[in-house]
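Each chain is listed here by its residues.
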Amino acid sequence: MAVHCQECGFVGEEGANYCQRCGALLARAEGATGEAVTATYRIDEAGDIVPVEMGEVTAHGPALVIRAGGGRAGESFPVDRERMTIGRRPDADVFLDDVTVSRDHALLVHRGDGWFLDDCGSLNGTYVNRARIESRRLEEGDEVQIGKYKLTYHAR
């Protein structure tokens, strides 16, 4: 059975969780409990892909999960420090290798009781839920777009 994207109308393959055209979560991607599921993985020290459960990723705090871009959909980044760098610099905490991403594009910072995404003066901007931001507090399910990458913020 084909799956229709509610965002752009694209007809995707059966079993797909995300739209192949726009990266939107497909409504039929539900687990046995009826809740949306997110497939995710991490890269281990050897560079191998290791599948992980979303609950495992967010067990100790929030995480960013790539939804689309760079062929890395599903890669997760636990938010495990008070400040995390996002950019094209190879030593960035969240490394996004694309020319539309600045070397020092954005910062994820813990302030008070929340996590904030700050743009670091990037040329192409940082977007949360399709709105360009300078600084914004992140909430569960927010879509972050940096260059061609779309990431979802997941709280515990």
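These remarks concern the structure in this document. (Residues numbered from 1 in each chain as written. Predicted model: local features only at pLDDT ≥ 70, side-chain atom pairs only at ≥ 80, totals over all residues. Heavy atoms only, no water.)

## Re the pattern of salt bridges
For step 1, the next point in the chain: Scanning the entire structure with this criterion turns up nine salt bridges.
For step 2, the next point in the chain: When the shortest N-O distance is used, the salt bridge between Arg 72 and Glu 75 registers 2.7 Å. The two residues Arg 72 and Glu 75 agree in class, both being buried.
For step 3, the next point in the chain: Here Arg 111 makes a salt bridge to Asp 118, at a shortest N to O gap of 2.2 Å.
For step 4, the next point in the chain: A relative accessible area of 35% means that Arg 111 is categorised as partly exposed.
For step 5, the next point in the chain: A residue is classified by how much of its surface remains accessible, and Asp 118, at 12% relative accessible area, is buried.
For step 6, the next point in the chain: A single network of salt bridges, built from pairs that share partners, joins Asp 80, Arg 81 and Asp 93. (Salt bridge = Lys/Arg side-chain N within 4 Å of Asp/Glu carboxyl O. Buried < 20%, exposed > 50% of the residue type's maximum accessible area, 1.4 Å probe, protein only.)

## With respect to the sheet that holds strand S15 (residues 149-154)
Strand-to-strand pairing in sheets goes through backbone hydrogen bonds, with the strands running parallel or antiparallel.
For step 1, the next point in the chain: Taken in spatial order, the six strands of this open sheet run S6-S5-S15-S14-S11-S12, and their pairing is antiparallel. Both outer strands of the open sheet, strand S6 (76-78) and strand S12 (131-133), are each paired with one neighbouring strand and no more. Pairs of neighbouring strands in the sheet enclose a mean axial angle of 30 degrees, with direction left out of account.
For step 2, the next point in the chain: In this structure, strand S11 (residues 126-128) lies alongside S12, joined through three bridges in antiparallel fashion. Its bridge partner being in S12, Tyr 127 is matched across the sheet by Arg 132. (Pairing = 2+ DSSP bridges. Helix = DSSP H or I, 4+ residues; strand = E, 2+ residues; numbered from the N terminus. Axes fitted to C-alpha atoms, helices over the stretch in contact; angles between N-to-C directions.)

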